[in-house]
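Residue-level structure breakdown
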Amino acid sequence: MDSAAHTQAEPHAQALEIAVGVLVDRQGRLLIAQRRAGTPGAGRWEFPGGKQEPGESMFDCLARELDEEIGVRGLRAEPVIRFSHAHGDRPVRLHVWRIDEWSGQAQGREGQRLEWVEREALADYQLLPATGAILHALFLPDRYVITPSMAAAGEQAWWPALEATLADGAPLLRLRDHALDDAAYQALAARVLACAHAHGARLLIDRDSDMCEALGADGVHWPVARLLAKGKRPLAAHRLLAVSAHSYSDLKAATRLGADFAVLSPVAPTPTHPGASPLGWDGWNEARAEHALPVYALGGLGGEDIATARAHNAQGVAAIRAFWRG
Ligand SMILES: Nc1nc2c([nH]c(=O)n2[C@H]2C[C@H](O)[C@@H](COP(=O)(O)OP(=O)(O)OP(=O)(O)O)O2)c(=O)[nH]1
Ligand SMILES: [Mg+2]
């Protein structure tokens, strides 16, 4: 997904409300449709959906659009993400659902082409802008584990805790250890990466993209200031770029510069950053806004907060202590 996929509309512009449904079949393939001539983005591929009508709930809109466009009904749908971005003459606000069960056989009822495509093969299609945000939201987990520093945990305890955390099913980790110099960090990261990959987990590192490439790590996690200083996305599209953000404008910059996801903190007070004033869920909501990327909630939260976080349009919860099995 290129960085153009991350344009975002200003929130004060009057957005069109759009319900979008991602049908996922038993083999994990996704249903895409080609936009017809004469519509914004003609020829590009999208997930089916369309505009809300007056008096309609977003879910009713989804059900109606999918029936009209592809002839499926009886949806079992989970909300995935909500975001706004500029598209055509007016900004659109996309309310995206994942649909794993439905009745009827999907067919292009408006003459549009449909295809079932594996996620990896989507790169071969010209997709609508911002589809990258939808895909990341679909496939990123609802927990993001940040490792405690080895010095604080003690090396003897740290490695078994890492193994236990991975065995517990942590699919995405950030190796955070600011105390180590680059050489020591790289040596540690190589070992942690091997453990993570052995468990099918992905690992993001806190250092530069050259180190990421050298290690074959899954991506980097940077503070937003570092990304702003760089001025552009530092790594290839198949790697993950995560950004730490503390405000609306941080997230705006992260989106503009092609971040794949962000972590917005602190929601609640946390011992790691005793001086920072917590956002609370209201402040979190205001800062998260409708930026076109998945955003984890961080700060004093744990697994029991995932449902609340999801209800606030978060991808899930990021945490050190709550997910570390030390
Ligand atoms: N369906 C869909 N629309 C998207 C996606 N991403 C995105 O920016 N959009 C934009 C394109 C359009 O401007 C708008 C969707 O409206 P639409 O043109 O499908 O509207 P509709 O189905 O109600 O069609 P119509 O009655 O106006 O013909 O949202 C996406 O993934 N799926
Ligand atoms: Mg449509």
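Here the residue numbers are simple positions, counted from 1 along each chain's written sequence. Chains and ligands are labelled by the order in which they are written, letters from A for the one and numbers from 1 for the other. For a predicted model such as this one, the threshold for reporting local features is a pLDDT of at least 70, and the threshold for listing and counting side-chain atom pairs is 80 or more; totals across whole chains, interfaces and linings nevertheless cover every residue. Only hydrogens and water are set aside; all other atoms, that is, all heavy atoms of the structure, feed into the side-chain values.

Here we take up the domain arrangement of the protein. Throughout the structure description, domain borders are defined by an automatic or database domain assignment. Each assigned domain of the protein is listed with its residue range as follows: domain 1 (3-130) and domain 2 (143-319). Computed over C-alpha atoms, the centres of domain 1 and domain 2 are 29 Å apart.

Two rings from Phe, Tyr or Trp (for Trp, the six-membered ring) form a pair when their centres are within 6.5 Å of each other. A pair whose planes differ by under 30 degrees is stacked, one over 60 is edge-to-face, and the rest are tilted. What the rule picks out here adds up to nine aromatic pairs. When the ring of Phe261 is compared with that of Tyr296, the centres are 5.3 Å apart and the planes differ by 70°; the resulting orientation is edge-to-face. A residue pair is termed long-range when its members are at least 10 positions apart, and Phe261 in strand E13 (residues 261-264) and Tyr296 in strand E14 (residues 295-298) qualify at 35 residues. To sort residues, take the accessible area from a 1.4 Å probe on protein chains only and compare it with the maximum for the residue type: under 20% means buried, over 50% means exposed, and anything in between is partly exposed. Classification of Tyr296 as buried rests on a relative accessible area of 0%. One aromatic cluster is present, built from ring pairs that chain together Tyr144, Phe261 and Tyr296. Only Lys NZ and Arg CZ are tested; either one counts as a charge over a ring when it is within 6 Å of the ring centre and within 35 degrees of the ring normal. The ring of Tyr185 is capped by Arg207, whose NZ or CZ atom sits 4.1 Å from the centre of that ring. Geometry around Trp222 places Arg226 over its ring, the cationic atom sitting 4.5 Å from the centre. In this text, helices come from DSSP runs of H or I with a minimum length of four residues, and strands from runs of E with a minimum of two, each type numbered from the N-terminal end.

By salt bridge we mean one thing: a side-chain nitrogen of Lys or Arg within 4 Å of a carboxyl oxygen of Asp or Glu. Overall, the coordinates contain 20 salt bridges when judged by the stated rule. Here Arg29 ties to Asp25 by a salt bridge, and the two come within 2.8 Å at their closest N and O atoms. Residues Arg36 and Glu110 are paired through a salt bridge, measuring 3.5 Å at the closest nitrogen-oxygen approach. Taken together, the residues Arg36 in the loop between strand E2 (30-34) and strand E3 (45-46) and Glu110 in the loop between strand E6 (90-103) and strand E7 (114-117) connect sequence positions 74 residues apart. In the salt-bridge network here, residues are joined through shared partners; they are Glu53, Glu56, Arg64, Glu65 and Glu68.

So, on to the coordination of the magnesium ion (ligand 2). Coordination partners: N, O, S within 2.8 Å of the metal, 3.2 Å for Na, K and Ca; water not considered, so apparent gaps in a site are possible. Protein ligation of the magnesium ion (ligand 2) involves Gly49 (O) and Glu69 (OE), the donor distances falling in the range 2.1 to 2.2 Å. Separated by 20 residues along the polypeptide, Gly49 in strand E4 (residues 49-51) and Glu69 in helix H1 (residues 58-70) bring together distant segments of the chain. In this pair, the class of Gly49 matches that of Glu69, namely buried.

Counting buried positions along helix H2 (residues 131-139) yields eight of nine residues, so the element is predominantly enclosed. Residues of H2 that are buried: Thr131, Gly132, Ala133, Ile134, Leu135, His136, Ala137 and Leu138.

Here the residue pair Ser265 and Pro266 is connected by a cis peptide bond, since its omega of -10° sits within 30 degrees of zero. With respect to the helices, strands and loops of the structure, Pro266 is situated in the loop between E13 and helix H9 (280-288). Phi at Ala130 takes a positive value of approximately 75°, unusual for a residue other than glycine. Here Ala130 shows up in the loop between E7 and H2. Owing to a relative accessible area of 1%, Ala130 belongs among the buried residues under this scheme. Not every positive phi belongs to a glycine, and Ala289 is a case in point at roughly 45°.

Before going further, it helps to examine the side chain of Arg233. On the secondary structure map, Arg233 appears in the loop between helix H7 (224-230) and strand E12 (240-245). A residue is classified by how much of its surface remains accessible, and Arg233, at 16% relative accessible area, is buried. Contacts described as polar in this section are N or O atom pairs within 3.5 Å, which, within protein, must combine one atom able to donate a hydrogen with one able to accept it, while residues neighboring in sequence count only if both atoms come from side chains. One polar contact links the side chain of Arg233 to the main-chain carbonyl oxygen of Arg239, over a distance of 2.8 Å. Within the local environment of Arg233, its side chain forms a polar contact with the backbone oxygen of Gly258, the two atoms lying 2.8 Å apart. Whether two residues are in contact is decided by their heavy atoms: any pair within 4.5 Å suffices. For Arg233, the residues in contact, after removing those within four places along its chain, are Leu227, Arg239, Leu241, Leu257, Gly258 and Asp260.

With that out of the way, let us pick up the sheet that holds strand E9 (residues 172-175). In spatial order, the strands read E8-E9-E10-E11-E12-E13-E14-E15; together these eight strands close into a barrel with parallel pairing. Adjacent strand axes in the sheet meet at a mean angle of 25° when their direction is disregarded. Two strands pair when backbone bridges link them, and E13 and E14 are joined in this way by three bridges, in the parallel orientation. Directly across from Ala262, in E14, lies its bridge partner Val295. Together, E12, E13 and E14 form the strand contacts of helix H8 (residues 248-256), whose direction differs from that of E12 by roughly 165°. Think of it this way: DSSP has to see at least two bridges between two strands before they count as a pair. Here an axis means a line fitted to C-alpha atoms, over the contact stretch when the element is a helix, while the angle between two N-to-C directions is reported on a 0 to 180 degree scale.

If you walk across this open sheet you meet the three strands as E3-E2-E7, and the pairing is antiparallel. A single partner strand is all that each edge strand has here, and the edge strands are E3 and E7. Bridge analysis of E2 against E3 gives two bridges, and the strand direction is antiparallel. Note on E3: the bridge partner recorded for Gln34 is Trp45.

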